[in-house]
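Descriptive analysis of the structure
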Amino acid sequence: MRPPPKHRPVLKVLIRMNGIWRNSFSCLRIGKVPQRCQSGCHPVAPLGSRILTDPAKVFEHNMWDHMQWSEEEEAAARKKVEENSAVRVLLEEQVKYESEASKYWDTFYKIHKNKFFKDRNWLLREFPEILPLHQKTKEKAKELQDHEKSNASNYFLRMHCPTVPEEKNHYKKRSGSSDGQNKTGSNFSSLDGEEHREGPLKMEPFPGSKATFRILEVGCGAGNSVFPILDSLQNVPESFLYCCDFASGAVELVKSHSSYRVAQCCAFVHDVCDDGLPYPFPDGILDVILLIFVLSSIHPDRMQGVVNRLCKLLKPGGMLLFRDYGRYDKTQLRFKSGHCLSENFYVRGDGTRAYFFTKGEVHTMFCKAGLDEKQNLVDRRLQVNRKKQVKMHRVWVQGKFQKPLHLTQKSSELVFSPFSHS
């Protein structure tokens, strides 16, 4: 039955908008990235729409978006950093902050629980890639199954088959693990030698093995990203969220939360700086990796190794989503002399650390790991304390990086290209 004439114009607009929306999201998966994700420019849908046009009204709101710094403001920030980084922390103390990093964060979460950070309800606005696409990409996603099965087979062999030679076994099970993975069904039952010799290999499931869309959040903390994401995925049963932190206390906070559900989430203790530690899933199966305010807490000399390892977890076309502190953020300017570990790297009074990135550093780090840059921008905002009449500049760097869709398989001399660029 056709709609009445008076409703037809409205329906045409709705159909057109729906088509634009679906096309925009599909582009993210097939490599045709819309302007929102292009490098070096602000997205069409702005990070925030509150623009300060009249300086006299600066104290009318708590935050202003897309702030442009004057030359004087940037010079003052640069001078402040020169002053607070003139005196460096003693080398022996730096070694302690590095070797006991997990202990400091564990203490942080024991003190603050889940009360310190607010839930990141802005995640889906900035990173719509967190949500899976449905009908439009099911067929293309199916083409990746052979790639995933191959990785899962290698995973099983390394876990259970002693006859398989190991150059470096990344999947050897840690003894005495304290991350409670048995709650998520991630313990793998071992097979005896006779079963290996006489019968065909049986694929052991891993957490999220039946999912078709998988996300990993690195440095999940108390779950301020985990639970907004789980809330959005509750009606998407084919999706699965992994989350890890090297502070066992943080992981326990996530697991004890009333919204944590093992059917769709696996929280585990993991130190991403140790590339020899196993993940509870094989390489090459993740659609999305989230690095939200976590890389800054890692020593600059170890960042590249961390990114390189994480990239191996992504499937071809998978996205790594990044947001962290930018150079001259108010957090950096507030450090006192004697807290600087190295250039733009500081230690807080509680022993936790923070690095402050430039857009160029972010580009170099992720592209060197073999990812393609889709977005890389500096988000500058003005935060206002209306009660104290104080203005503070916030600076963050946000990026989206995609694993190339073409994967060369040296073992078979074949080129794996699941998506076409027609």
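An account of the accompanying structure is given in this report. (Residues numbered from 1 in each chain as written. Predicted model: local features only at pLDDT ≥ 70, side-chain atom pairs only at ≥ 80, totals over all residues. Heavy atoms only, no water.)

Re the sheet that holds strand S4 (residues 265–269)
One open sheet holds the eight strands; their spatial order is S1-S10-S11-S6-S5-S2-S3-S4, and the pairing between them is mixed. The open sheet has two free edges, formed respectively by strand S1 (63–64) and S4, since each of these has just one partner strand. With six bridges joining them, strand S5 (residues 286–292) and strand S6 (residues 314–325) adopt parallel strand pairing. Looking at the pairing, Ile289 lines up with Leu320 of S6. Packed onto the sheet, helix H10 (residues 248–255) meets strand S3 (239–245) and S4 and runs at close to 160 degrees relative to S4. (Pairing = 2+ DSSP bridges. Helix = DSSP H or I, 4+ residues; strand = E, 2+ residues; numbered from the N terminus. Contact = heavy atoms within 4.5 Å. Axes fitted to C-alpha atoms, helices over the stretch in contact; angles between N-to-C directions.)

As for the environment of Gln304
Relative to the assigned elements, Gln304 resides in helix H11 (residues 300–313). The sequence separation of Gln304 and Ala369 amounts to 65 residues, and the corresponding C-alpha distance is 7.5 Å. At 3.0 Å, the side chain of Gln304 and the backbone oxygen of Met365 are in polar contact. (Polar contact = N/O pair within 3.5 Å; in protein donor to acceptor, adjacent residues only side chain to side chain.)

With respect to the state of the cysteines
A covalent bond bridging the sulfur atoms of two cysteines is what the word disulfide describes. Counted according to the given criterion, the structure contains zero disulfides. Of all cysteine sulfurs, the one in Cys243 lies closest to Cys220, which takes part in no disulfide; the gap is 4.3 Å. (Disulfide = S-S within 2.5 Å.)

Let's talk about the sheet that holds strand S8 (residues 345–347)
Two modes of strand pairing occur in sheets, parallel and antiparallel, and in both the strands are linked by backbone hydrogen bonds. One open sheet holds the three strands; their spatial order is S7-S8-S9, and the pairing between them is antiparallel. Each having just a single partner strand, strand S7 (340–342) and strand S9 (353–355) make up the two edges of the open sheet. Pairwise comparison of adjacent strand axes, ignoring direction, gives a mean angle of 30 degrees for this sheet. As paired elements, S8 and S9 share three bridges and run antiparallel to each other. Bridge pairing links Val347 to Arg353 in S9.

Observations concerning H10
Residues that lie three or four places apart on an α-helix share one face, since the helix turns once every 3.6 residues. Along H10, six of the eight residues are buried, which leaves the element largely enclosed by surrounding structure. All of the buried residues in H10 are Gly249, Ala250, Val251, Leu253, Val254 and Lys255. Contacts from the buried residues of H10 go to helix H4 (101–112), helix H9 (226–233), S3 and S4. (Buried < 20%, exposed > 50% of the residue type's maximum accessible area, 1.4 Å probe, protein only.)

Considering helix H13 (residues 359–368)
Burial in H13 covers these residues: Val362, Met365 and Phe366. Angular distribution of buried residues about the axis of H13 spans 85 degrees; they occupy a single face of the element. Buried residues along H13 sit in contact with S5, H11, S6, strand S10 (372–385) and strand S11 (390–402). (Arc of directions from axis to C-beta.)

Looking at the packing of aromatic side chains
Aromatic rings considered in pairs are described by the distance between their centres and by the relative angle of their planes. A full pass over the atoms with the stated rule returns 17 aromatic pairs. Seen in terms of ring centroids, Phe293 and Tyr325 are 5.2 Å apart; in terms of plane orientation they differ by 70 degrees. Their pairing is edge-to-face. Here Phe293 is found in the loop between S5 and H11, whereas its partner Tyr325 is found in strand S6, with 32 residues between them in sequence. Members of the aromatic cluster, joined through ring pairs, are Phe322, Phe345, Tyr355, Phe357, Phe366 and Phe401. Residue placement shows Lys103 over the ring face of Tyr104; its charged tip is 5.5 Å from the ring centre. One Lys or Arg, Arg323, reaches over the ring of Trp122 and ends 5.2 Å from the middle of that ring. (Phe/Tyr/Trp six-rings, centres within 6.5 Å; stacked < 30°, edge-to-face > 60°. Lys NZ or Arg CZ within 6 Å of the ring centre and 35° of its normal.)

Quick notes on the pattern of salt bridges
Side-chain pairs of opposite charge can arise where the charged atoms are in close proximity. As enumerated under the stated definition, the model contains twelve salt bridges in all. The salt bridge involving Lys315 is made with Asp287; its shortest N-O contact spans 3.2 Å. Taken together, the positions of Lys315 in strand S6 and Asp287 in strand S5 put the pair 28 residues apart, joining distant regions of the chain. The residue Arg381 makes a salt bridge to Asp379 at a minimum N-O spacing of 3.0 Å. Since its relative accessible area comes to 12%, Arg381 is described here as buried. Look at Asp379 and you get buried, because its relative accessible area is 0%. Counted as one network, the salt bridges with shared partners bring together Glu98, Arg302 and Arg353. (Salt bridge = Lys/Arg side-chain N within 4 Å of Asp/Glu carboxyl O.)

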